[in-house]
Amino acid sequence: MTSLHEEEHPNKAFGWAARDSSGVLSPFNFSRRATGEKDVAFKVLYCGICHSDLHMVKNEWGSSVYPLVPGHEVVGEVTEVGNKVQNFKVGDRVGVGCMVGSCHSCDSCKDNLENYCSKMVLTYGAKNYDGTITYGGYSDTMVADEHFIVGIPDNLPLDAAAPLLCAGITVYSPLRYYGLDKPGLHIGVVGLGGLGHVAVKFAKAMGVKVTVISTSPNKKKEALENLGADSFLISRDQDQLQGANGTLDGIIDTVSAQHPVVPLLGLLKSNGKLVLVGLPEKPLELLAFPLLQGRKLVGGSMIGGIKETQEMIDFAAKHNLKPDIEVVAMEYVNTAMERLLKADVKYRFVIDIGKTLKATS
C-alpha cells in the first residue's frame, strides 16, 4: 500500500531484496517516502549484515514480507532534513539501528525504552504507521524520523560503527542494566562470535574482568591475545568448569544455538546473573535448585532504546572501541550470507554500499 503523499513525491531508491524464502538477494528498485517535517534523509554508505537478516530473508521466523530489503545496521551522511528537525543537519554522520518507529506514549517509550514498545516498528519488513512496509539499509538511501536517528562521532569510522547499532547495543544494554559494568567485577561471555567479541571489548573498556566461555579450544589465543580477555574456559571441559565454580558476578550468554545453561549457573557467585541475549529456537532446560542455591537470576535483554544507543556509540568512540569487521561489496552479499550460515566470518560483515551499490535502470 502506498500513500497518496508518496505517489506525489516519490523518492526513488535502489537496493537489493529477497523476493522469496530461497533467501537469494538481487537488485531492486523502489521508493522511499518524501522527507517529512521531522524526518532525516541520508545517503547510505555502509550497512552491517546481522544474523537476523539471514533468518528474515529465508522467512525462518515466519514473519517475512517480500520483497524484503534487509539491513538494520545502517550508517551514512545526511542529505536532507525536515523543517522541524532540531538535532541534525545536512552533512552529519548518522545511523539507524533496528527500529524506526514506536508509539511515544506507553510506559516503555516514556522511559526511553522504545525497543520494548508493543507498537515498535522494525527498520525493515514491518508495517509502518502509514500502512507501507519498511525497507532496510541494503539500499542507497534511508529516511527516518529524527527520533530514531543516532549521531556518529567523527572519530568513529563509519564501517566499524555499523555493527554497533545492533550487536553493540545488544551487549552494552544488559551490561549497564544488570549492573555488570562496575570496575572490579568478573563476568563471563558465552560465545565468541559477532555479539561475544563486542561484549568482551565493552566489558574490558568498563574495567571489568572477563572470562570467555566457548566450546572451541582454538579460540583461546584469539580471546586472550587479540580481544584482551583475562581467562578462557572450554564449556565442555568439566574439570575447567568445576575449577571456576562460584567465580563470576554475571554472565552474558550470546549463543543462539541450543546449549545447556545449568552448568553456567554453577559458575556464578551468590546473587549472580545469567543474561541471555542469544535466541535459541528451542526452550532452555532450567532447574530450580541451582537458582535457589545462591539466589541467582536468569534474565534477558534485547537492543536498547535510542538514548542508550547514542550513549553506547559515544562510549565506543571515547574508548576507540571497534568491532572486528570484514568489508564486502554489494555483489558479494549472497556469498556473505552463505558464509555467515557456516560462521565463516571474523566477526561481522559490513557492506560497502557507498562504493559498490550500482543502480540499475
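For the structure, see preceding data.
In this report, we go over the structure that sits alongside the text.

## Looking at the sheet that holds strand β12 (residues 231-234)
Through backbone hydrogen bonds, the strands of a sheet pair up, either in parallel or in antiparallel fashion.
Step number 1: If you walk across this open sheet you meet the six strands as β12-β11-β10-β13-β14-β15, and the pairing is parallel. The sheet is open, and its two edges are formed by β12 and β15 (297-300), each paired on a single side. Taking each pair of neighbouring strands and ignoring which way they run, the sheet shows an average axis angle of 20°.
Step number 2: With four bridges connecting them, strand β10 (residues 186-190) and strand β13 (residues 248-253) associate as parallel partners. For G188, the partnering residue across the bridge sits in β13 and is I251.

## Structural notes on helix α10 (residues 306-318)
Step number 1: Compared with an ideal rise of 1.5 Å per residue, which puts 13 residues at 18 Å, α10 spans 18 Å between its outermost C-alpha atoms and is within 8% of the ideal.
Step number 2: Of all the residues in α10, the buried ones are I306, E308, T309, M312, I313, F315, A316 and A317.
Step number 3: Looking at the buried residues of α10, the elements they touch are β6 (99-101), β9 (150-151), α4 (158-177) and α5 (196-205).

## Some words on unusual backbone geometry
Step number 1: Residue P67 follows Y66 across a cis peptide bond; omega there is -5°.
Step number 2: One can find P67 in the loop between α2 (51-57) and β4 (74-81).
Step number 3: In this model, K346 is joined to Y347 through a cis peptide bond whose omega is 0°.
Step number 4: Structurally, the position occupied by Y347 is in the loop between α11 (333-341) and β17 (348-352).
Step number 5: We note that N59 has phi near 55°; this positive angle belongs to a residue other than glycine.
Step number 6: With respect to the secondary-structure elements, N59 resides in the loop between α2 and β4.
Step number 7: Positioned with a positive phi, N271 is a non-glycine residue whose angle comes to about 70°.
Step number 8: With respect to the element layout, N271 can be found in strand β14 (residues 268-276).
Step number 9: On the accessibility criterion, N271 (40% relative accessible area) is partly exposed.

Rules used in this analysis
Residues numbered from 1 in each chain as written. Predicted model: local features only at pLDDT ≥ 70, side-chain atom pairs only at ≥ 80, totals over all residues. Heavy atoms only, no water. Pairing = 2+ DSSP bridges. Helix = DSSP H or I, 4+ residues; strand = E, 2+ residues; numbered from the N terminus. Axes fitted to C-alpha atoms, helices over the stretch in contact; angles between N-to-C directions. Expected span 1.5 Å × (residues − 1). Buried < 20%, exposed > 50% of the residue type's maximum accessible area, 1.4 Å probe, protein only. Contact = heavy atoms within 4.5 Å.

Functional significance is not addressed by these values, which are geometric in nature.
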